[in-house]
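Residue-level structure breakdown
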Amino acid sequence: MPLTVERDFVYTYRSKEERCTLTAPVTIPLETSIDDLVGRLIKAHCLPCFAVNGLKTSLTAFQAEETGKFYVRNSEEALRKFQENVDDVDDLVDQWAKVFTQELKEYAKPVEISNDQVFSEVYHNLIHSPALETLLNLEHTYAIAVEDVITQRDRDLNHFEIRQSKEMEDAVSLLGTVYTDVQVNQLAQRQFENTQMIESKWASELSNLQETQKREYREWVMKVHEDTQTSHGTPSFVQRVRALTNNMPEPCDDDGVPQPRMEESFTIHLGAQQKTMHNLRLLCVDILDLCRHKPNKVGGMLIPSPQRLQTAMSLYSNNLSALILLVDNRLNSYTGIKREFAKVCEQSTDFHLPNLEQQFQSIEQNVVKGNEWRVLHKVNEDGDRVSLKSTSSEGSREDRSNRMHVGDFYTTRHSNLSDVHVAFHLVTDETLTSPDISSRHPVILGIRNILKMCFRYDIFTLSIPLLLTHEMSEEMTVQWCNRRAELVFKCVKGFMMEMASWGGQSSRTIQFIVPKGCSEKMFTEFSSMLPGIFRVSNPVKG
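Residues numbered from 1 in each chain as written. Predicted model: local features only at pLDDT ≥ 70, side-chain atom pairs only at ≥ 80, totals over all residues. Heavy atoms only, no water.

**Some points on the environment of Phe-512**
- With respect to the element layout, Phe-512 can be found in strand S11 (residues 509-514).
- Sequence separation of Phe-512 and Pro-465 is 47 residues, and the distance between their C-alpha atoms is 5.8 Å.
- The contacts of Phe-512, once residues within four sequence positions are left out, are Leu-280, Arg-281, Leu-282, Leu-283, Ile-464, Leu-466, Val-488, Phe-489, Val-492, Leu-530 and Phe-534. (Helix = DSSP H or I, 4+ residues; strand = E, 2+ residues; numbered from the N terminus. Contact = heavy atoms within 4.5 Å.)

**Things to note about a nonpolar patch on the surface**
- Nonpolar side chains collect at one region of the surface, where Phe-82, Val-89, Leu-92, Val-93, Trp-96, Phe-100, Leu-104 and Tyr-107 lie side by side and expose about 690 Å² of accessible area between them.
- Take the nonpolar patch: its biggest share by element is 5 residues, from helix H3 (residues 89-103).
- Since its relative accessible area comes to 34%, Phe-100 is described here as partly exposed. (Patch = residues over 30% accessible without salt bridge, like charges linked within 9 Å, V, L, I, M, F, W, Y side chains within 5 Å. Areas by Shrake-Rupley, 256 points an atom, 1.4 Å probe, with all protein chains shown as cover. Salt bridge = Lys/Arg side-chain N within 4 Å of Asp/Glu carboxyl O. Buried < 20%, exposed > 50% of the residue type's maximum accessible area, 1.4 Å probe, protein only.)

**Points about unusual backbone geometry**
- Looking along the chain, the bond that leaves Ile-28 and enters Pro-29 is cis, with omega of -10 degrees.
- Structurally, Pro-29 can be placed in the loop between strand S2 (18-28) and helix H1 (34-45).
- Residues other than glycine seldom take positive phi values, yet Asp-458 does so here, at roughly 60 degrees.
- With respect to the secondary-structure elements, Asp-458 resides in the loop between helix H12 (442-456) and strand S10 (459-465).
- The backbone phi angle of Leu-468 is positive, close to 55 degrees, even though this residue is not glycine.
- Along the chain, the position of Leu-468 falls in the loop between S10 and helix H13 (478-500).

**Here we look at the nonpolar core**
- Ranked by size, the top nonpolar core spans 49 residues in total, and within it Leu-462, Leu-466, Phe-489, Phe-512 and Phe-526 carry the most contacts.
- Among residues more than four places away in sequence, those in contact with Leu-466 are Leu-282, Arg-484, Ala-485, Val-488, Phe-489, Phe-512, Ile-513, Val-514 and Phe-526.
- The next biggest cluster of nonpolar side chains, apart from the first, holds 26 residues, and it includes Val-285, Leu-288, Cys-345 and Val-367. (Core = buried A, V, L, I, M, F, W, Y, C linked by side-chain atoms within 4.5 Å.)

**Let's talk about the sheet that holds S10**
- Across the sheet, 7 strands lie side by side as S3-S4-S11-S10-S7-S9-S8; this open sheet has mixed pairing. Strands at the two margins of the open sheet, each flanked by one partner only, are strand S3 (263-270) and strand S8 (409-413). The sheet shows a mean angle of 20 degrees between the axes of neighbouring strands, direction not considered.
- Sheet topology places S8 next to strand S9 (residues 422-427); 5 bridges connect them, and they run antiparallel. Within S9, the position partnered with Thr-412 by the bridge is Ala-423.
- Sheet contacts for helix H9 (residues 336-345): strand S7 (320-327), S8 and S9; angle to S7, the most-contacted strand, approximately 140 degrees. (Pairing = 2+ DSSP bridges. Axes fitted to C-alpha atoms, helices over the stretch in contact; angles between N-to-C directions.)

**A closer look at the environment of Gln-164**
- Structurally, the position occupied by Gln-164 is in helix H5 (residues 132-173).
- Separated by 24 residues in sequence, Gln-164 and Ala-188 place their C-alpha atoms 8.9 Å apart.
- Excluding its chain neighbours within four sequence positions, the residues that come into contact with Gln-164 are Gln-191, Asn-194 and Thr-195.
- A polar contact is formed between the side chain of Gln-164 and the side chain of Thr-195, at a distance of 3.1 Å. (Polar contact = N/O pair within 3.5 Å; in protein donor to acceptor, adjacent residues only side chain to side chain.)

**Looking at the layout of surface pockets**
- Space inside the second largest pocket adds up to approximately 1,300 Å³.
- Surrounding the second largest pocket, 38 residues form its lining, Arg-153, Ala-203, Leu-206, Glu-346 and Glu-357 being those nearest its centre.
- Residues belonging to the lining of the second largest pocket are distributed by class as follows: 12 nonpolar, 14 polar and 12 charged. (1 Å grid on protein atoms, 1.4 Å probe; cavity = no way out; pocket = protein on both sides within 12 Å on 5 of 7 lines; lining within 4 Å. Points joined across faces, edges and corners; volume = space filled by probe spheres on them. Nonpolar A, V, L, I, M, F, W, Y, C, P; charged D, E, K, R; others polar.)

**A closer look at the pairing of S7**
- S7 sits mainly inside the fold: 8 of its 8 residues count as buried.
- With burial as the criterion, each face of S7 is covered, one bearing Leu-320, Ala-322, Ile-324 and Leu-326 and the other bearing Ser-321, Leu-323, Leu-325 and Val-327.
- In this sheet, S10 lies alongside S7 in parallel orientation, the contact comprising 4 bridges. The partner of Ser-321 across the bridge, within S10, is Thr-461.
- Two strands pair when backbone bridges link them, and S7 and S9 are joined in this way by 6 bridges, in the parallel orientation.

**Some thoughts on the packing of aromatic side chains**
- Within the structure shown, the criterion is met by 13 aromatic pairs.
- With a centroid separation of 5.8 Å and 25 degrees between ring planes, the pair formed by Tyr-11 and Tyr-13 is classed as stacked.
- In this structure Tyr-13 comes out as buried when scored by relative accessible area, which is 13%.
- On the numbers, 6.1 Å between centres and 75 degrees between planes, the contact of Phe-360 with Tyr-410 is edge-to-face. (Phe/Tyr/Trp six-rings, centres within 6.5 Å; stacked < 30°, edge-to-face > 60°.)

**As for the packing of helix H4 (residues 115-127) against helix H6 (residues 181-230)**
- The interhelical angle for the contact between H4 and H6, taken along N-to-C directions, is 60 degrees, at an axis separation of 10 Å. By the angle between their directions, the pair H4 and H6 is classed as oblique. Note that H4 runs across H6; the crossing there is left-handed. Contacts from Asp-116, Val-118, Phe-119, Val-122, Tyr-123 and Leu-126 in H4 reach Tyr-217, Arg-218, Val-221, Met-222, Val-224, His-225 and Thr-228 in H6.
- Of the residues contributing to the contact of H4 with H6, the split by class is 9 nonpolar, 2 polar and 2 charged. (Parallel < 35°, antiparallel > 145°, perpendicular 65-115°, else oblique. Left-handed = near helix turned anticlockwise from the far one by under 90°.)

**Notes on the packing of H4 against H5**
- Running from amino to carboxyl end, H4 crosses H5 at an angle of 115 degrees, the nearest separation of the two axes being 8 Å. The angle between the axes of H4 and H5 places the two elements in the roughly perpendicular class. Contact residues: H4 offers Tyr-123, Leu-126 and Ile-127, while H5 offers Leu-132, Leu-135, Leu-136 and Glu-139.
- Split into classes, the residues belonging to the contact of H4 with H5 amount to 6 nonpolar, no polar and 1 charged.

**Observations regarding the environment of Asn-318**
- You can see Asn-318 is positioned in the loop between helix H8 (306-313) and S7.
- Here the alpha-carbon distance between Asn-318 and Tyr-457, two residues 139 residues apart in the chain, equals 8.1 Å.

**What about the side chain of His-421?**
- Of note, His-421 is situated in the loop between S8 and S9.
- One polar contact links the side chain of His-421 to the main-chain carbonyl oxygen of Thr-311, over a distance of 2.9 Å.
- Polar side-chain contacts of His-421 include one of 3.4 Å to the side chain of Ser-314.
- Apart from residues lying up to four places away in sequence, His-421 is in contact with Thr-311, Ser-314, Leu-315, Asn-319, Leu-320, Ser-321, Thr-412, Arg-413 and His-414.

Written out as structure tokens, the structure is:
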């Protein structure tokens, strides 16, 4: 059955004792409005103005009549095909049932609340109740158990690595006398297999522990909620769990007094007509310190840090926190800051969200789909579309893999970090070391897209690496740092004003992270530069 048909529209009118006839093809059903079509016919055929009303009336009647005939013919054709294929009755019934249940609320299935939704509501209520301290201490108890397994794993792997290294050194020193090249290669292969086996064993043990903790924690949260609903005062289950957490072991290491860090805070107003207040902070800190959380010791008792408390209370809210991590184009956690971030994430169990590896598996599927879309919509230098068949097989395989392009980013969600709910992993490359990058650099545009995500999904605090790097290096001169900081400040200001123009009138907090190792003099220059760039002129009051 055709989706559209063309019919000849005939209109006759008189002009100076002459009878004029207009014939034009019209698509049925009409894809535009009657007024637009009348205007185009008048302009194309130079019709007089007195013929406009008659043309519109005649065209309206023609369109209504032909549209009715078109739908009647299609219906008759559908019925004829149905009568010829009686065996398709079940398929037709299934299609109609699907349409009714998906399009009509009266026949739709009732929305079922999932277990995760129930748990999130219960947890949000408890975290704002007297059970707050007990739940956080319970999480800390579990974190100590996980940390103990990680310590044993690292000790075991380190001891095994030392022993293997000694075996390999002895074999190499006796090469040609006791051992042959083949035997040394076999030894290396055997050591690799043994290492993989031990790593798999510890990974399985850690995963089982975290899954057990997650299941027990969810059960305990639901029991505390039930106990709260059926008792007065402090629930008995809360008292039992509190007694357990008060007797939890203390950490063996002593971190000492926390070192002071360089930090400045500013309040600005941005906007063309209606100005919005925003908070800006300049911090000299390791960006992963925003993820690590350590308990405080008050009166001989271990309690979670205030940052962890705030993060837990805002977990199921419209006030989330995020940071930007600069990573390479590989979706894994094997090297660089990705490895350090993964170590921080595994220090404790995530009771609310999938772990990092599970999130990576889900992200990888979307990355492959995105790269396939890029290949299908690739544009060559002349502006023409390049089909998938016209691209080279090697380039197609590379684009459809899990490699990402500079400026791309993927997000991971966490509930077990100190001051962060969301991590934006922004893909970078070695071009960031150049002092001449512009505001059109893919990484800068990636920050713009991240800010857009923050404005769209209620992320009110975002931490951005000011120099677009996480570490200081020798080539980062004072001039290089000042130029890079000025570029980032100006771009972020422009992006924030752009986002505010389409409805983002809520106050935001932007934290500019300066790498550790920055001198106090350079930090002072950044601090004096920031208010100058974000300065907004105030009206003179008479």
